[in-house]
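For reference, the chains in residue letters:
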Amino acid sequence: MDDMESARPQQTVTARGSGLVACTRCSRVWPADRDICGRCHAPLQSRDPTALSRVWAWMAVGIICYIPANLYPMLLTQTLLSTSKSTIIGGAIELIHHGAVGIAIIIIVASVLIPMGKFVAIAYLALSLKHQVKLSAAARHRLYEYVEFIGRWSMIDVFVVAILSSLVQLSAVAAINPGPAAITFALSVIFTMLSAQSFDPRSIWDAEEEDTE
Amino acid sequence: MTVDDTPEDEGELIACPQCDALYRVVSLDHGERANCTRCHTVLISSRRRAFARAAALSLTVVVLMIGATIFPFLSVSVAGLTNSSSVLDAALAFAGGPMFALSVAVAALIVLIPIARSVLVLYVLTPLVFGRKPFRHAVDAFRYAEAMRPWSMAEIFVIGVAVALVKVADLARVGFGPAFWMFAALVVVIVVQDSYINRWTIWKALDRSRQ
Ligand SMILES: [Zn+2]
Ligand SMILES: [Zn+2]
C-alpha cells in the first residue's frame with residue numbers, strides 16, 4: 001500500500017488552499033470559479049455553507065421518529081394460546097428469556113446502541129466545528145467514517161419484522177404481523193443516514209487548519 | 001484506441017473527496033492502492049482487469065437476484081400447516097394499509113436498488129472492457145450507481161434473516177428454499193464486486209474515452 005505523495009510535502013496542501021475546487025464525486029480539481037464538474041457533471045462547491053443546517057434538520061426528524069419507534073409495538077404475535085405485542089426492547093428481553101442471548105445482543109446493538117450512538121456522534125461532530133474539543137481532526141474523521149459505515153446496519157430489525165410477518169402466516173395457529181413501530185423505526189434510520197450524508201468531513205480539517213495558522 | 005484501467009497521467013492532480021488534501025496522481029502497479037496521507041481514504045486502487053471483473057460480477061448479481069426473488073426463500077410448518085415465502089413476499093409484508101410505503105422501501109433496499117446498481121455498472125463498464133466508446137449517458141448512469149451505494153442493503157437483510165430464524169425456531173419448523181442459498185451467495189458476490197469498483201479509475205476512463 002502506497003501513501004500518496006503530497007503536492008507539497010511536510011504540510012498538507014488542500015484544493016481550497018491552492019485556489020482550486022475539488023469535485024467530491026470524482027476527485028477531479030477545477031479552477032475555483034467553475035461551478036459544474038466537466039468530468040462527472042456534479043455541482044461544484046468548495047464548502048457548502050448550508051450543510052450543517054441540513055445535518056441538524058435531518059437529525060431532528062430522525063430523533064422525532066425514533067421516540068415512537070421505541071414506545072409502540074414492532075411485532076404483533078398471535079398463537080392459539082395468546083396474543084402479544086412486543087416493542088424493540090421487549091422483543092430483545094423475550095429473546096433473552098428463550099436463551100438466545102447472542103441474537104438479543106445483535107438486536108440491542110443494531111436498534112438501540114447504534115441509533116443512540118449515531119445521534120450523539122453526529123451532534124458531537126457538528127458541534128466540534130464551532131467549539132474547541134479534545135479529539136484531534138484525525139480521530140474525528142475516523143468517528144465520521146464509523147458513523148457512515150455502521151448507520152445502515154440499524155435496518156436489521158425492520159428486515160426481521162418483514163421476514164417474520166411474511167413467513168409466519170399459519171391461519172389460527174400462529175401469525176405475526178408488523179406493528180406501527182416498524183415504520184417509524186425505518187424512517188428514523190433513513191433520516192439519520194441522510195443526516196450523516198449531509199455532513200461534510202472536509203469541514204473537520206478546515207477548523208484545524210485555521211487553528212494552526 | 002484502447003482504454004486501460006490503470007492510471008497513467010502523472011501530472012494530474014487529485015483531491016481527497018473526504019478532506020480536500022491535494023495530490024499528484026501516481027502511477028500504481030496492479031494490486032497497489034494509494035491512500036490519502038491525512039485521512040487514509042483510498043484514492044486510487046489498481047487491480048488487474050478490474051473493469052472486466054467488476055462487469056462480470058455485476059452480471060452475476062443480476063442473475064442471482066432474479067433467481068433469489070423468483071424461487072421460494074424459506075418455509076415454515078407447524079401442526080401440519082405450511083407457509084412458504086419468497087424474498088418478494090418478505091418485501092411486501094407491509095403491503096396492507098398505511099404500511100404500504102414501508103413495503104416499497106423494503107423492496108427497494110433489498111431487491112430493486114442492488115439490481116439497478118449492478119445493471120448501471122454493467123452499462124457503464126461493458127463498452128470500456130471492449131475498448132469502445134462509452135454508451136450514451138454513461139456519466140449519469142455511473143452517478144446514479146454511486147448514489148445508490150449506501151442504500152443497497154442485501155447484506156443487512158441476510159443478517160435479518162438469521163435473527164428471524166432464531167425467533168421462529170421454537171414456534172415452527174423452518175425449511176430452506178433455493179433462493180435462500182442464492183441470496184447468501186449474492187452477498188459474497190456483492191462484497192467482491194465492490195472491491196473491484198474504484199470510483200476514480202472509472203471516472204477517469206469515462207473522461208478519457210470521451211475525448
Ligand atoms: Zn466530478
Ligand atoms: Zn483525505
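What counts and how
- Residues numbered from 1 in each chain as written.
- Chains lettered and ligands numbered in written order.
- Predicted model: local features only at pLDDT ≥ 70, side-chain atom pairs only at ≥ 80, totals over all residues.
- Heavy atoms only, no water.
- Contact = heavy atoms within 4.5 Å.
- Buried area = accessible area lost by both parts, 1.4 Å probe.
- Salt bridge = Lys/Arg side-chain N within 4 Å of Asp/Glu carboxyl O.
- Polar contact = N/O pair within 3.5 Å; in protein donor to acceptor, adjacent residues only side chain to side chain.
- Helix = DSSP H or I, 4+ residues; strand = E, 2+ residues; numbered from the N terminus.
- Nonpolar A, V, L, I, M, F, W, Y, C, P; charged D, E, K, R; others polar.
- Donors = N, O, S within 2.8 Å, 3.2 Å for Na, K, Ca; no water.
- Tetrahedral: all angles 85-135°; square planar, octahedral: opposite > 155°, others 65-115°.
- Buried < 20%, exposed > 50% of the residue type's maximum accessible area, 1.4 Å probe, protein only.
- Domains from an automatic or database assignment.
- Phe/Tyr/Trp six-rings, centres within 6.5 Å; stacked < 30°, edge-to-face > 60°.
- Lys NZ or Arg CZ within 6 Å of the ring centre and 35° of its normal.
- Axes fitted to C-alpha atoms, helices over the stretch in contact; angles between N-to-C directions.
- Parallel < 35°, antiparallel > 145°, perpendicular 65-115°, else oblique.
- Left-handed = near helix turned anticlockwise from the far one by under 90°.
- pLDDT = per-residue confidence, 0-100.
- Pairing = 2+ DSSP bridges.

This part is about the interface of chain B and chain A. Taken together, the contact between chain B and chain A spans 70 residues of the former and 72 residues of the latter. Buried surface at the junction of chain B and chain A, summed over both partners, amounts to about 6300 Å²; 70% is from carbon and sulfur atoms. Linking chain B with chain A are five salt bridges. Arg152 of chain A is the salt-bridge partner of Glu155 of chain B, the closest N and O atoms lying 3.0 Å from each other. Linking chain B with chain A are 15 residue pairs in polar contact (both at pLDDT 80 or more), by the criterion used here. With eleven residues, helix α5 (residues 154–169) of chain B is the single largest residue contributor to the side of chain B that touches chain A. Tallied by class, residues from the side of chain B that touches chain A come to 43 nonpolar, ten polar and 17 charged.

Ideal geometry at a metal gives 109.5 degrees between four tetrahedral donors and either 90 or 180 degrees between six octahedral ones. Residues and elements named next belong to chain A. Every protein donor of the zinc ion (ligand 1) is listed here as Cys23 (SG), Cys26 (SG), Cys37 (SG) and Cys40 (SG), and their distances to the metal cover 2.2 to 2.3 Å. Viewed at the metal, the four donor atoms of the zinc ion (ligand 1) are separated by angles of 99 to 118 degrees, and the geometry they form is tetrahedral. Taken in chain order, the donor set of the zinc ion (ligand 1) reads C-x2-C-x10-C-x2-C. On the criterion of sequence distance, the pair formed by Cys26 in the loop between β2 (20–22) and β3 (29–31) and Cys37 in the loop between β3 and α1 (51–71) is long-range, its members being eleven residues apart. Looking at Cys26, the relative accessible area reads 0%, which means it is buried.

Let us look at the domain arrangement of chain B. By a widely used convention, the size of an interface equals the accessible area lost when the partners come together. When the domains of chain B are assigned, the result is domain 1 (4–45) and domain 2 (50–210). Taken over C-alpha atoms, the centre of domain 1 of chain B sits 29 Å from the centre of domain 2 of chain B.

Next up on the list: the pattern of salt bridges. Close approach of charged atoms allows side chains with opposite charge to pair. A full pass over the atoms with the stated rule returns 14 salt bridges over all chains. The shortest N-O distance in the salt bridge between Arg39 of chain A and Asp207 of chain B comes to 3.0 Å. On the criterion of chain membership, the pair formed by Arg39 of chain A in the loop between β3 and α1 and Asp207 of chain B in helix α7 (residues 199–210) is interchain, its members lying in two chains. Here Arg39 of chain A and Asp207 of chain B have matching classes, each one buried.

Before going further, it helps to spend a moment on the packing of aromatic side chains. Applying the stated criterion across every chain yields a total of 14 aromatic pairs over all chains. Seen in terms of ring centroids, Tyr66 of chain A and Phe119 of chain A are 5.8 Å apart; in terms of plane orientation they differ by 70 degrees. Their pairing is edge-to-face. In this pair, Tyr66 of chain A sits in helix α1 while Phe119 of chain A sits in helix α3 (residues 101–128), placing the two residues 53 residues apart along the sequence. Across the pair, exposure class does not vary: Tyr66 of chain A and Phe119 of chain A are buried alike. In this structure an aromatic cluster arises from ring pairing among Phe159 of chain A together with Phe73, Phe157, Phe176, Phe180, Trp181 and Phe183 of chain B. The cationic tip of Arg34 of chain A hangs over the ring face of Trp30 of chain A; the distance from NZ or CZ to the ring centre is 4.0 Å. The ring of Tyr144 of chain B has Arg143 of chain B lying over it, and the distance from NZ or CZ to the ring centre is 5.1 Å.

All names here are of chain B. Those protein atoms acting as donors to the zinc ion (ligand 2) are Cys16 (SG), Cys19 (SG), Cys36 (SG) and Cys39 (SG), and they sit at 2.2 to 2.4 Å. Between the four donor atoms coordinating the zinc ion (ligand 2), the angles at the centre fall across 101 to 117 degrees, so the site counts as tetrahedral. When the donors of the zinc ion (ligand 2) are listed by position in the chain, the intervening gaps give C-x2-C-x16-C-x2-C. Taking the relative accessible area as the measure of exposure, Cys39 reaches 6% and is therefore buried.

When two helices pack together, their arrangement is given by the angle between their axes and by how far apart the axes lie. Residues and elements named next belong to chain A. As a packed pair, helix α2 (residues 88–97) and α3 sit with axes 8 Å apart at the nearest point and diverge in direction by 165 degrees. In this view, α2 runs roughly antiparallel relative to α3, as classed from their interaxial angle. Here α2 and α3 pass one another in a crossing that is left-handed. Facing α2, whose interface residues are Ile88, Ile89, Ala92, Leu95 and Ile96, α3 presents Ile103, Ala104, Ile107, Ile108, Ser111 and Val112. Among the residues forming the contact of α2 with α3, the class breakdown is ten nonpolar, one polar and no charged.

Let us now look at unusual backbone geometry. All names here are of chain B. With phi around 75 degrees, Asp20 is a residue other than glycine that occupies positive phi space. Relative to the elements of secondary structure, Asp20 occurs in the loop between β1 (13–15) and β2 (22–24). On the accessibility criterion, Asp20 (0% relative accessible area) is buried. Although it is not a glycine, His40 sits at a positive phi angle of roughly 65 degrees. Tracing the backbone through its elements, the reader meets His40 in the loop between β3 (33–35) and β4 (42–45).

Here the focus is the confidence of the model for chain A. Looking at chain A, pLDDT values average 86 and 92% of them are 70 or higher. Within chain A, the lowest mean pLDDT, 55, falls on strand β1 (residues 2–3) of chain A, and the highest, 95, falls on α1 of chain A.

All names here are of chain A. One open sheet accounts for four strands, arranged β5-β4-β7-β6; its pairing is antiparallel. Whereas interior strands pair on both sides, the edge strands pair on one side only; in this sheet they are β5 (83–86) and β6 (169–170). Judged from the four bridges that link them, strand β4 (residues 75–79) and β5 form a sheet pairing that is antiparallel. Paired with Gln78 across the strands is Thr83, a residue of β5. Its contacts with the sheet place helix α5 (residues 156–167) against β4, β6 and β7 (174–178), and it is angled at close to 140 degrees to β7.

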